[in-house]
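Commentary on secondary and tertiary structure
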Amino acid sequence: DGVALTPQQDLGDQDVETTLRPRKLSEFVGQARVREQLELVLHGALKRGEQPDHVLFSGPPGLGKTSLSMIMATELGASIRVTSGPALERPGDLAAMLSNLAEGDVLFIDEIHRIARPAEEMLYLAMEDYRVDIVVGKGPGATSIPLELAPFTLVGATTRSGALTGPLRDRFGFTAHMEFYSATELELVVRRSAGILGVDLRDDGATEIARRSRGTPRIANRLLRRVRDFAEVRADGVVDREVARAALAVYDVDEMGLDRLDRAVLAALVKSFHGGPVGVSTLAVAVGEEPSTVEEVCEPYLVRAGMIARTPRGRVATVAAWQHVGLTPPQHAPG
Ligand code: ATP
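So, here's what we can say about the structure. (Residues numbered from 1 in each chain as written. Predicted model: local features only at pLDDT ≥ 70, side-chain atom pairs only at ≥ 80, totals over all residues. Heavy atoms only, no water.)

1. Examining the layout of surface pockets
By volume, the largest pocket amounts to about 1,000 Å³. In terms of lining, the largest pocket is formed by 41 residues, of which the most central are Gln-9, Pro-61, Gly-62, Thr-66 and Arg-218. Those elements that place two or more of their residues in the lining of the largest pocket are α1 (14-20), α3 (65-76), β2 (80-84), β3 (106-110), β6 (153-158), α7 (183-197), α9 (217-234) and α13 (291-304). In the lining of the largest pocket, the residues fall into 14 nonpolar, 17 polar and 10 charged. When its volume is computed, the second largest pocket comes out at roughly 430 Å³. Around the second largest pocket sit 18 residues that line it, and Gly-59, Pro-60, Thr-159, Pro-300 and Arg-310 are the ones nearest its centre. Sort the elements by how many residues they give to the lining of the second largest pocket and α13 lands first, with five residues. (1 Å grid on protein atoms, 1.4 Å probe; cavity = no way out; pocket = protein on both sides within 12 Å on 5 of 7 lines; lining within 4 Å. Points joined across faces, edges and corners; volume = space filled by probe spheres on them. Helix = DSSP H or I, 4+ residues; strand = E, 2+ residues; numbered from the N terminus. Nonpolar A, V, L, I, M, F, W, Y, C, P; charged D, E, K, R; others polar.)

What follows is the structure in structure tokens.
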């Protein structure tokens, strides 16, 4: 099913993702720039004996934001507490979380752009002064009790840094932009995972899987597992190029690694809107998806792959997109 091949995490992934998660910075493939910047932030603070600045990771799903946060905690010799924006609906939930932190801990908030406003406001003071004000009672008799917190480092992850409010964004000392991985980097990811899972993966098999993983380690690992199933059931267990190609055909992953939603978006853009320009929400309605999914999950890779161009008037199909859909591009299509 195409759904299982989207970059978002699904429940079946959790155990195996834990197994395949890189534990140390040296095991973390790619993102050289982010790694270098992060190392300076962490080691600078460690050298001064200070608590490192709060860090924001932004980028599409499955690129390693959670993994990198856990590695950060390990590098700092600290514990990590994990929560998410949607889980912090009431400020009390956040206050409980914050007051349980030990000195030096890392607090990881996934999907931080989805945090409710009252909790977000509590976070401002916590990030700035390691303090929260707990409001007791209601109306004119309400009082606020200040509560000291242990110094901690907040790590936020978001697929939409643009959706963060200014005051929240300003309180992060460092924002790391995660990029899609190159095919060469994904080959390393797939080889490492094959080693852990005991899969007999040949060089040409690794290349084929990496090439079709949409620049995303989570997808690379997922494709590896699907190809392994195929190799064990329909072949002799060895994953080479031919086995990988046959398996990926069964799972409807195309030559470029685009999944069903990517292809639906391209087809709608080209066929229903004659290549655009069209707004992202109109496009989302045409494929029956949430605008946020099209914008945060689907579009970034299509832009990076040179299939969609963003213009002030909307999204436009490039020559490559027309060709991918199997149609002749019109004169005006961007290259
Ligand atoms: P989401 O925001 O959707 O939770 P994420 O960006 O936090 O995604 P992770 O959960 O960190 O992504 O990564 C998904 C999986 O991809 C990890 O379990 C790990 O197996 C693999 N992975 C991610 N980045 C790397 C990397 N740089 N090197 C090796 N494996 C990686």
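2. Let's talk about the packing of helix α11 (residues 260-272) against α13
Working note: a packed helix pair is described by the angle between its axes plus the distance between those axes. Running from amino to carboxyl end, α11 crosses α13 at an angle of 85°, the nearest separation of the two axes being 10 Å. Regarding the angle of α11 to α13, the classification is roughly perpendicular. Seen from α11, the contacting residues are Leu-261, Asp-262, Val-265 and Leu-266; seen from α13, they are Thr-293, Val-294, Cys-298 and Leu-302. Considering only residue class, the contact of α11 with α13 consists of six nonpolar, one polar and one charged. (Axes fitted to C-alpha atoms, helices over the stretch in contact; angles between N-to-C directions. Parallel < 35°, antiparallel > 145°, perpendicular 65-115°, else oblique. Contact = heavy atoms within 4.5 Å.)

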